[in-house]
Every structure is written in C-alpha cells, then in structure tokens.
Amino acid sequence: AVNVRATTRMTRMVVPGMVERKSGVVFFLSSAAGTVSPSPMLSLYGATKAFADSMAIALSAELAGSGVVVHSLIPFYVVSEMSKFRRPTFTVPSPEDFVEKALGMAGGDPRLNPHWPHAAMATGLGMMPPKQAGAYVQKLHAGINKRAKRKMEAAAKEE
C-alpha cells in the first residue's frame, strides 16, 4: 500500500505547485522488480513498483511542455537496510551515488537506470523470455532468502 498510496498522495501534493511555477523534477522510485523481469517471491512488491513506473511514464507525457519533468528510476539492488547490502560494490551502488547519477540524468528519458551496471543487467534480463527470466530471478531470490534465514538462525543462537 505504501508504494501506491504514499506515491499518489505525494504526487498530488507537490506536482500542482511545480506546474504553477513551471519548474520541477519528480522522481518515482520504481524497481527492476517491477519493470525488468518477473519477481518471484516479491510479486506484490514488484506489482507496486510497476505501478510507480507506469504512473511516472504516463505523468511524464501528461506534463510534457509544462516545465516539470518526471522520471521513473529503475534500480536493482542499492546499499540499504531493506536490501541487506551494507557496502557498495560494482553492481550495488551507495544511495548517494545512485541519487547523484539520477540527478545528473534529469530531463532525459522518462525511464532512467542511472547506475550503468544496472542498465546492462536490465538489458540482459529484458532479452530473456519472461518464463526464463522468472526462473532465473526465482533461483536468485531463493538463494538470497536461504542466506537470510541462515543469518537469522545464527543470530538467534547467539542470543
């Protein structure tokens, strides 16, 4: 609900003022989980992120010429509590790096993948038939889930 309701409410709150001022940039935080491939084990999350992407692309067209640009950001993993990645790597940027790159691309295509390794990953997954992409992502997510459960079990034993 938060990825849909909060996104919709915030958009309704800030966009009219931007249109009135004829200036502004809106970034919708979608996800590769909602736009690049099927997201087994994250189906509801992926669906809400697909909503954010669709809303951004449509709103970008609606506001064309108004001075307000709208983008859908399509990250894969970024360092965060949610992703469980603690340090940046080649394929996992820091939030600061991701945001800096996104801001540098503002005004371009409505759908942005500012971290180039993510763009390459999206291209590769996008070339796969959905069934194969889904199977690949299912295997990836199952491995992540297995490692997370092992960590939780180890932490519980330490307490």
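Cut-offs and rules
- Residues numbered from 1 in each chain as written.
- Predicted model: local features only at pLDDT ≥ 70, side-chain atom pairs only at ≥ 80, totals over all residues.
- Heavy atoms only, no water.
- Pairing = 2+ DSSP bridges.
- Helix = DSSP H or I, 4+ residues; strand = E, 2+ residues; numbered from the N terminus.
- Contact = heavy atoms within 4.5 Å.
- Axes fitted to C-alpha atoms, helices over the stretch in contact; angles between N-to-C directions.
- Phe/Tyr/Trp six-rings, centres within 6.5 Å; stacked < 30°, edge-to-face > 60°.
- Buried < 20%, exposed > 50% of the residue type's maximum accessible area, 1.4 Å probe, protein only.
- Lys, Arg positive; Asp, Glu negative; His and termini not counted.
- Salt bridge = Lys/Arg side-chain N within 4 Å of Asp/Glu carboxyl O.
- 1 Å grid on protein atoms, 1.4 Å probe; cavity = no way out; pocket = protein on both sides within 12 Å on 5 of 7 lines; lining within 4 Å.
- Points joined across faces, edges and corners; volume = space filled by probe spheres on them.
- Nonpolar A, V, L, I, M, F, W, Y, C, P; charged D, E, K, R; others polar.

J.: Even after reading the chapter, I still don't get the sheet that holds strand E3 (residues 111–112), so can you show me in this structure?
T.: Strands belonging to one sheet form pairs held by backbone hydrogen bonds; the direction of such a pair is parallel or antiparallel. Pairing is parallel across the open sheet formed by 3 strands, whose spatial order is E1-E2-E3. Single-partner strands in this sheet number two, and they are strand E1 (24–29) and E3. Pairing between strand E2 (residues 68–73) and E3: 2 bridges, direction parallel. Across the sheet, residue Ser 72 finds its bridge partner in E3, namely Arg 111. Together, E1, E2 and E3 form the strand contacts of helix H3 (residues 43–62), whose direction differs from that of E2 by roughly 155°. Helix H4 (residues 95–105) contacts E1, E2 and E3 of the sheet and is inclined by roughly 140° relative to E2.

J.: What exactly am I supposed to notice about the environment of Pro 110 here?
T.: Structurally, the position occupied by Pro 110 is in the loop between H4 and E3. A sequence separation of 57 residues divides Pro 110 from Asp 53, and the C-alpha atoms of the two residues are 9.4 Å apart. Those residues in contact with Pro 110 that sit more than four places away from it in its chain are Ile 57, Ser 60, Val 70, His 71 and Ser 72.

J.: Which parts of the structure should I look at to understand the packing of aromatic side chains?
T.: Each aromatic ring pair is specified by the distance between its two centres and by the angle formed by the two planes. One pass over the full model with this rule turns up 2 aromatic pairs. When the centroid spacing of 5.1 Å and the interplanar angle of 50° are considered together, the rings of Tyr 77 and Phe 85 count as tilted. With a relative accessible area of 30%, Phe 85 lands in the partly exposed category. Pairing Phe 90 with Trp 116 gives two aromatic rings, centres 5.3 Å apart and planes at 80°, and the pair type is edge-to-face. With Phe 90 in the loop between E2 and H4 and Trp 116 in helix H5 (residues 116–126), the pair connects residues that are 26 residues apart, well separated along the chain. Trp 116 carries the same exposure label as Phe 90, and that label is exposed.

J.: Just checking my understanding: could you explain the side chain of Lys 49 for this structure?
T.: Inspection of the secondary structure puts Lys 49 in helix H3. Salt bridges are absent for the buried Lys 49, whose nearest opposite-charge side chain, Asp 53, sits at 11 Å. If sequence neighbours within four positions are ignored, Lys 49 has contacts with Asn 3, Leu 29, Ser 30, Ser 31 and Gly 34.

J.: How do you make sense of the layout of surface pockets when you look at a structure like this?
T.: One way to see where empty space is left: roll a probe the size of a water molecule over the atoms. Roughly 1,400 Å³ of volume is contained in the largest pocket. Around the largest pocket sit 43 residues that line it, and Tyr 77, Met 82, Ser 83, Phe 85 and Ile 144 are the ones nearest its centre. Those elements that provide at least two residues to the lining of the largest pocket are E1, helix H2 (32–35), H3, H4, H5 and helix H6 (130–158). Sort the elements by how many residues they give to the lining of the largest pocket and H6 lands first, with 10 residues. Broken down by class, the residue content of the lining of the largest pocket amounts to 29 nonpolar, 9 polar and 5 charged. One number sums up the size of the second largest pocket: a volume of about 250 Å³. Sorting the residues of the lining of the second largest pocket by element identifies helix H1 (2–21), E1 and H3 as the ones contributing at least two each. Tallying contributions element by element places H1 first for the lining of the second largest pocket, with 6 residues. Considered class by class, the residues forming the lining of the second largest pocket number 8 nonpolar, 4 polar and 1 charged.

Nothing here speaks to function; it is all geometry.
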